[in-house]
Each structure stands twice: as structure tokens, then as C-alpha cells.
Amino acid sequence: MRALILLRAARLLAVLALAAGCVVTQHEVSVGSLGDSSVPLRTIEPPGIALCLSGGGYRAALFHTGVLTELNERGLLPRVRSVAGVSGGAIVGATLAMAWDDLEFDDTGRARNFDTLVTQRIRRLTAETLDVGAVLSTFTDSGSSRRIARGYSEFLFGDLHLADLPSGIGVPEFVFLATELSTGINWEFSKRRMGDRRLGYMDTPDVRLADVVAASSAFPAVFRPIRVEFAAEQLALAEPTEAEVKAWTLAALRDMGRDDRARALESAGLAETDQLALAAEFQKFQQLAFADKIDDGVYLIDGGLMNNLGSEYCKSAGLNIISTASTRWVGEVEAEPGGLISSMARIIVAMRRYAEARQLEELQHRSVVGRQLGGACGPGLDCDKGTVALIELSPRELRGDIRQALRVVARLRAIDPDVQRELLDWGNTRAAASLTALEH
């Protein structure tokens, strides 16, 4: 119930932002599909690594890059099977994707040119301020989101599209997450598809990488949403997972008026084909419920609004590494409270932190090395569901010499080279501590 209230509050804030002139119009992107035959199916060789990179602007981008540097030094990058990124995490994930085919891995699994192709590119981008001009352009025809996308294109991604990303055996699947403004759901971009399990997916979307990352980092109440245009008929429902079949079967029985006990008993007694039928019916109902909201496209904002960790994509059978650049004690909004925009921004940050806290609570039932929350198979954890390593920018205990770097606000504002290095080194240090603890 509380999560529903927060979701409704998020939608209300978006409406208020529109009314205040913060997001009067939007950057529009027309999308075509390249068909479903150009991308080979991804082969997953266990034990693999799923990597989830949280939001947090340039601060997150530098911290995550430090984490990746440690993974590279340990020869672990070739074992990565998926990378999911939000906002600053999407910047890093897209940079790694762009560089992947050119990384020169040696016999130990280390990429000799990782610093050149990943770290230095991130440092060049984070030396440029994108958000100040973007906010000012909110009140012009150029549009703030378009300004951010243009900056990403100019300083990092060029004219690369999702279709240009690598794929095939041994290549991770790179996923970028945004929030769909009309429905409040997570919107997924990858080379393979875009969409959501409730709305459906479009195969192999033809979208610029700069627009995708801009959508993932378009903080609401400050930046305009990214408008991605397509025909709703292009979305097709995916086969439900085992967990979704169970959940949607119970939901369908609930809609038929069964109480909790009756639903549990009836669901357990249903044949598999009947469960699949009920789940499919409920899935179709969800899609129809949202159909009028996505008739000719979607409005996308910062993926961190509803899922800042991207942890839904870290549930592999191997090692799941969640790198989070959130801070528990550093303010995320520099402006003093009182103004409409700053007040809305503070409320949104508070909502995001609440949602992230709930996700971290769920991880307590799994093996979370970075916070010492259980052993190799924690309470309620099936051993075959993998291990979780949580790498935090802001742990409970901080070194005094790193506090200044952590005061960097989660923005797209230029960061001093010395502070860049501190954030990179801190990501490296935190990753080393978590992975070393995992080895023992």
C-alpha cells in the first residue's frame, strides 16, 4: 500500500512539474524496429556474473568505473553475462558496451586497454557540465533532454544506436533502465528489445544510445521527459517466468473474488496448463489496462525514480554484483528548500531512497557480502540462486580522506580531476573489499 502511495505521489509530482513549466515539452525520438533476426540468442555459460550499476549522475559513473577497474584487474570481466545500468550506471554500462569488442583481453582475463577505452572516456565526459545548460534550455525550444542527449553524443557516444552494440557468445547483454512516466513502470532498453513485461516488448529497437542514456538520467522536476514514439501494436507480450505465472495466477484468482486462503489452495491444485492460462489472461489484462497510455509511444524519465539499484537484473545463478553510489548522509539537492523545483526534487530523492531501502531489505535474505548480511546461503535463499556482493559508495564506516569526494552531488556537473581520481579509487577500494570478503 505504501509503495502504491509513493507511485501515485510520483505521478502527481510529474504533473506538477508539467504545470510549473519544468517539463512543458519533451525530446521526441521516433523508433523503428530492425526485426528479430539480426541479434543471435545470448549463450550463458555458468558460473556467470550479473552486474547492476545504480544511479547517481557523474558521481555514480566514476564510482562504478572504479568498481569495473577492480573487476578487470581480477580478470572477471570476461565472466560478466549481463550489465544493467540506471542513470550514471547507464553511462558506464553504455561506455563498456561501446568498448567491448575492442577490449584486448590477455590470458588472465585482463583487458590491457581498459583504462584507455573505458576509464579515460568516463573521465572526459565527467569533466564536462551538461545539466546547467540543459536546465536553462528547458525554457527554450531546444529542450533540456535534447541538450543532455546532444552532450552524450558529442562527448562520448557519437551516433551509435542500440543496434550497433555487440552481441553473441561471450558478450554481456547490456540493459539500460528508465521510468515510464504515464504508468510508473520500469522501461528496459537493450539491443535485443525495449519495453516492459506488463506492456510488452519491441524486438531490436533502432534508438540512439545517447537518447537511451539521456532518458535513464532525466531527473524529474528538472529535465523534460524523453518521448519515444512507436505504435503500440509493435509491443508483444513475453512468455511469463515461473515466478510470474505463480504471482499472476494468484492475482487472477483474487480478481475472481477468492480470499487469500482459497487462492493459495486453488492455485496449488491447478494443473500447469490451467495456471499458464490464468497467468496469460491476467498478463493480457495488464497490457490492455495500460494500452490507452501508450497509444503512440512512451514518456521516459530517470530510471532511479522507481528502481535506482536495477537489482531486478541481478538474480543470476552465479555472482550478482550490485554497485550503489547512493549516500546516506550527503544531500542530493544543493538548492535551499522552499522553491517549487527544489522542494519537488527533495521529495523525489526521498521517495527514491525509500524504494532503494526496500530493495536492500529484500537483499538481506540473500548473501550480501558488502554488508555482512548472511553467509553463502542466507535465510530464505536457495543456494542455486547465486550470491550477491553489494558494493556501496557510502558504507557505515568512512575514511576521513574520502568524505570530500562523497560530497559530490548526484548531478551532470563537471568534476575536478583530483575528485574524479578519488571517486575512481574509492570504487576500486570498495570493490576489492567486497570481493576479497567473498573469497573467504
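Use the structure listed above.
Throughout this document, residue positions are counted from 1 along each chain, in the order its sequence is written. For this predicted model, a pLDDT threshold of at least 70 governs which residues receive local features, and a threshold of 80 or more governs which side-chain atom pairs are given and counted, while totals over whole chains, interfaces and linings are taken from all residues. Side-chain numbers come from the whole structure's heavy atoms, not from hydrogens or water.

S.K.: Please explain helix H6 (residues 144-157) as it appears in this structure.
M.R.: It helps to recall that an α-helix has 3.6 residues per turn; residues three or four apart then point in one direction. Numbering of helices and strands runs from the N terminus, with a helix taken as a DSSP run of H or I at least four residues long and a strand as a DSSP run of E at least two residues long. To estimate the expected span of a helix, count its residues, drop one, and scale the result by 1.5 Å. Taking 1.5 Å as the rise per residue, H6 with 14 residues should run 20 Å; its terminal C-alpha atoms sit 18 Å apart, in good agreement. Within H6 the residues assigned to the buried category are Ser 144, Ser 145, Ile 148, Ala 149, Gly 151, Tyr 152, Ser 153, Leu 156 and Phe 157. Among the residues trailing H6, Gly 158 stands out with phi positive, at a value near 60 degrees. Note on classification: 1.4 Å probe, protein chains only; a residue is buried when its accessible area is under 20% of the maximum for its type, exposed when over 50%, partly exposed between these limits.

S.K.: Explain the pattern of salt bridges here, please?
M.R.: One side chain can pair with another of opposite charge once the charged atoms of both are near each other. Each salt bridge in this description consists of a side-chain nitrogen of Lys or Arg and a carboxyl oxygen of Asp or Glu lying within 4 Å of one another. Per the counting criterion, the structure on display carries 8 salt bridges. Ionic pairing is found between Arg 198 and Asp 196, a salt bridge with its closest N-O pair at 3.4 Å. Accessibility expressed as a relative area gives 30% for Arg 198, which makes it partly exposed. Asp 296 is paired through a salt bridge with Arg 227; the nearest N and O atoms lie 2.5 Å apart. Linking Asp 296 in the loop between helix H10 (272-291) and strand E11 (297-302) with Arg 227 in strand E10 (residues 226-229), this pair joins segments that are 69 residues apart in sequence.

S.K.: I'm lost on the nonpolar core in this one. Help?
M.R.: Generally speaking, soluble globular proteins have nonpolar side chains that are buried together. Throughout this description, the term nonpolar core refers to a set of buried Ala, Val, Leu, Ile, Met, Phe, Trp, Tyr and Cys residues connected via side-chain atoms within 4.5 Å. Grouped together as the largest cluster of nonpolar side chains are 82 residues, with contacts concentrated most on Ile 91, Tyr 152, Phe 176 and Phe 189. The contact criterion used is simple: two residues touch if any of their non-hydrogen atoms lie within 4.5 Å. Among all residues touching Phe 176, those that are not within four sequence positions of it are Gly 85, Ala 90, Gly 93, Ala 94, Leu 162, Leu 165, Trp 187, Glu 188, Phe 189, Leu 209 and Val 212. In terms of nonpolar packing, the next biggest core, distinct from the first, is built from 11 residues, Ala 50, Ala 84, Leu 177 and Leu 390 among them.

S.K.: It is not clear to me how helix H14 (residues 417-439) should be interpreted in this structure. Could you clarify?
M.R.: The end-to-end C-alpha distance of H14, which contains 23 residues, comes to 33 Å, matching closely the 33 Å that a straight helix rising 1.5 Å per residue would cover. Regarding H14, the residues found buried are Val 419, Gln 420, Leu 423, Leu 424, Trp 426, Gly 427, Arg 430, Ala 431, Ser 434 and Leu 435. In the analysis that follows, any N or O atom pair within 3.5 Å is treated as a polar contact, provided that within protein one partner can donate a hydrogen and the other can accept it, and provided that, for residues neighboring in sequence, both atoms belong to side chains. Of the residues flanking the start of H14, the one acting as N-cap is Asp 416, its side-chain oxygen 2.9 Å from the backbone nitrogen of Asp 418.

S.K.: Explanation requested: the side chain of Arg 227 in the structure shown.
M.R.: Under the relative-accessibility criterion, Arg 227 is labelled buried at 6%. A distance of 2.5 Å separates a polar atom in the side chain of Arg 227 from a polar atom in the side chain of Asp 296. There is a polar contact of 3.5 Å between the side chain of Arg 227 and the backbone oxygen of Gly 297.

S.K.: Just to check I follow, could you spell out the packing of aromatic side chains for this structure?
M.R.: Note on aromatic pairs: each is described by the distance of the centres and the angle between the planes. Think of it this way: a Phe, Tyr or Trp ring, Trp meaning its six-membered ring, pairs with another when their centres are within 6.5 Å, and the plane angle makes it stacked under 30 degrees, edge-to-face over 60, tilted otherwise. For the coordinates displayed, the defined rule picks out 4 aromatic pairs. Ring geometry for Tyr 152 versus Phe 157: centroids 6.2 Å apart, planes at 55 degrees, classification tilted. Given a relative accessible area of 2%, Phe 157 falls into the buried group. Note on Trp 187 and Phe 230: the rings are 5.9 Å apart at their centroids and 25 degrees apart in plane angle, and the pair reads as stacked. In this pair, Trp 187 sits in strand E6 (residues 186-189) while Phe 230 sits in the loop between E10 and helix H8 (242-255), placing the two residues 43 residues apart along the sequence. On the basis of relative accessible area, Phe 230 is assigned to the buried category, the value being 6%. Linked through ring pairs, Trp 100, Phe 105 and Phe 174 together constitute an aromatic cluster. Criterion for a charge above a ring: Lys NZ or Arg CZ within 6 Å of the ring centre, and within 35 degrees of the ring normal. The aromatic ring of Tyr 299 is capped on one face by Arg 227, whose charged end is 4.5 Å from the ring centroid.

By themselves these figures say nothing about function.
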